[in-house]
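Survey of secondary and tertiary structure
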Amino acid sequence: MSYSHQSMASGSRNARGYEFGRTYVVRPKGKHQATLVWLHGLGDNGSSSSQLMESLHLPNIKWICPTAPTRPVSSLGGYTCTAWFDIGEISEDSHDDLEGLDASASHIANLLSSEPADVKVGIGGFSMGAAISLYSATCYALGRYGTGHTYPINLRAVVGLSGWLPGWKSIRNKIECSYEAARRAASLPIILTHGTADDLVPYRFGEKSAQSLGMAGFRQAVFKPYEGLGHYTVPKELNEVVQWLTTRLGLEGSR
């Protein structure tokens, strides 16, 4: 028995007028208990994300797999491809594209806004998609986007594979300034995974991101290193994510 699978046009635009691409939906085989948005990496699309999610043994999850806007990317010399935000070199001193981050985080929140009240919601992604997932986690904790507008979604789980946390240097000070932010941060389960041989998003940035989240009060953030793994996923890693989601979201078994 296969998951039902459909796509729908998006049509929404981010703050700079870049239009988000097609969104793909993988419906659950069993009782609908959770909905997760899954975000692809640089240059990819929601179709490939949906195929990956369809292969996971998580019959109670509905997956929403959007496609990022097509836009010039600084790290590629202005070459145009799908990207959730603009990015130059990944470094400790790099400048974050806050406008792009907020636009994508808002688009993702809108995709989750109509889910039933009894369904738990979360966000996950790979590489640049993981960066947006982790950024959304900080927006949830702070209760607002970087622009100051209210973040509307009650996140219950966040997954980041081979990614990094934008704004990792300042998140601790922001969280510590608010009791409510600290409470939300402490309540949110997050899993980060990263290969030690990653040559595109170096391992140290995944590790530093996890450390920054922990120091900011995200007590349920866990970091899983994978020895010798490059910038890709492997079955062992995905199986651990499946087990983690099943436990953290309290999912029932296959039906």
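Here, the structure is the one placed above.
Structural notes, computed from the coordinates. (Residues numbered from 1 in each chain as written. Predicted model: local features only at pLDDT ≥ 70, side-chain atom pairs only at ≥ 80, totals over all residues. Heavy atoms only, no water.)

**Considering the overall build of the chain**
For clarity, the cut-off: The numbering of helices and of strands both runs from the N terminus, where a helix is a DSSP run of H or I of at least 4 residues and a strand a run of E of at least 2. The atom set for the radius of gyration is the C-alpha atoms, and the globule formula is 2.2 Å times the number of residues raised to the power 0.38. Relative accessible area decides the class of each residue, using a 1.4 Å probe on protein chains only: under 20% of the type maximum gives buried, over 50% gives exposed, and in between gives partly exposed.
A tally of helices and strands in the chain yields seven helices and 10 strands. Its C-alpha atoms give the chain a radius of gyration of 17 Å, within 12% of the compact-globule value 18 Å for 255 residues. By principal-axis analysis of the C-alpha atoms, the chain measures approximately 50 × 40 × 40 Å. Across the 255 residues in the chain, those meeting the buried criterion constitute 52%.

**Concerning a nonpolar patch on the surface**
Put simply, the rule is: Patch membership is restricted to residues that have no salt bridge and whose relative accessible area is over 30%. Joining uses 9 Å for like charges and 5 Å for the nonpolar side chains Val, Leu, Ile, Met, Phe, Trp and Tyr. Only the protein chains shown count as cover for residues, and all accessible areas are computed by the Shrake-Rupley method using a 1.4 Å probe. Basic side-chain nitrogens of Lys or Arg form a salt bridge, by our definition, when they fall within 4 Å of a carboxyl oxygen of Asp or Glu.
On the surface, a cluster of nonpolar side chains totalling about 290 Å² of accessible area is made up of Leu 42, Leu 76 and Tyr 79. Take Tyr 79: it is sitting in strand β6 (residues 79-82). On the basis of relative accessibility, which here comes to 54%, the residue Tyr 79 falls in the exposed class.

**Concerning the layout of surface pockets**
To find leftover empty space, one rolls a probe the size of a water molecule over the atoms. What counts here: Cavities and pockets are found on a 1 Å grid laid over the protein atoms alone: a cavity is a set of points where a 1.4 Å probe fits but cannot escape, a pocket is an open set with protein on both sides within 12 Å along at least five of seven lines, and a lining residue has an atom within 4 Å of such a point. Grid points are joined across faces, edges and corners, and a volume is the space filled by probe spheres set on the points. Amino acid classes used here: Ala, Val, Leu, Ile, Met, Phe, Trp, Tyr, Cys and Pro are nonpolar; Asp, Glu, Lys and Arg are charged; the rest, including Gly, are polar.
Put simply, the largest pocket is a space of about 440 Å³. As for the largest pocket, its lining consists of 23 residues, of which Gly 41, Leu 42, Phe 126, Ser 127 and His 231 are closest to the centre. When contributions to the lining of the largest pocket are tallied by element, the ones reaching two or more residues are β3 (34-39) and α1 (46-54). Broken down by element, the lining of the largest pocket gets its largest block of residues, three residues, from α1. Broken down by class, the residue content of the lining of the largest pocket amounts to 13 nonpolar, nine polar and one charged.

**A short note on the pairing of strand β8 (residues 155-161)**
As a reminder, the rule being used: Strand pairing is assigned whenever DSSP identifies at least 2 bridges connecting the two strands. Place the viewer so that the strands point away; then a crossover is right-handed whenever the path from the first strand over the helix to the second strand goes clockwise.
Burial of β8 is extensive: six of the seven residues sit out of reach of the surface. In this structure, strand β7 (residues 120-126) lies alongside β8, joined through six bridges in parallel fashion. Looking at β8, one finds that Gly 122 is bridged to Ala 157. Handedness of the β7-helix α3 (residues 128-142)-β8 crossover: right-handed. When β8 meets strand β9 (residues 190-195), the two strands line up parallel, connected through four bridges.

**A few points about the pattern of salt bridges**
All chains considered together, the criterion is met by six salt bridges. Close ionic contact of Arg 172 with Glu 176 constitutes a salt bridge, the shortest N to O distance being 3.0 Å. A residue pair is termed a helical-turn pair when its members lie 3 or 4 positions apart in one helix, as Arg 172 and Glu 176 do in helix α4 (residues 171-176) at four residues. A relative accessible area of 36% means that Arg 172 is categorised as partly exposed.

**Here we look at the environment of Pro 69**
Here Pro 69 lies in the loop between β4 (61-65) and β5 (70-73). For Pro 69, a relative accessible area of 0% translates into the label buried. With 47 residues separating them in the primary sequence, Pro 69 and Arg 22 have C-alpha atoms 9.4 Å apart.

**A closer look at the nonpolar core**
For clarity, the threshold we go by: Buried Ala, Val, Leu, Ile, Met, Phe, Trp, Tyr and Cys residues that are joined via side-chain atoms within 4.5 Å together make up what is termed a nonpolar core.
Counting residues in each nonpolar core, the largest one holds 51 residues, and the members touching the most others are Phe 85, Tyr 151, Leu 155, Trp 164, Ile 175, Ile 190 and Phe 218. The dominant element in this core, judged by the number of residues it contributes, is α3, at 10 residues.

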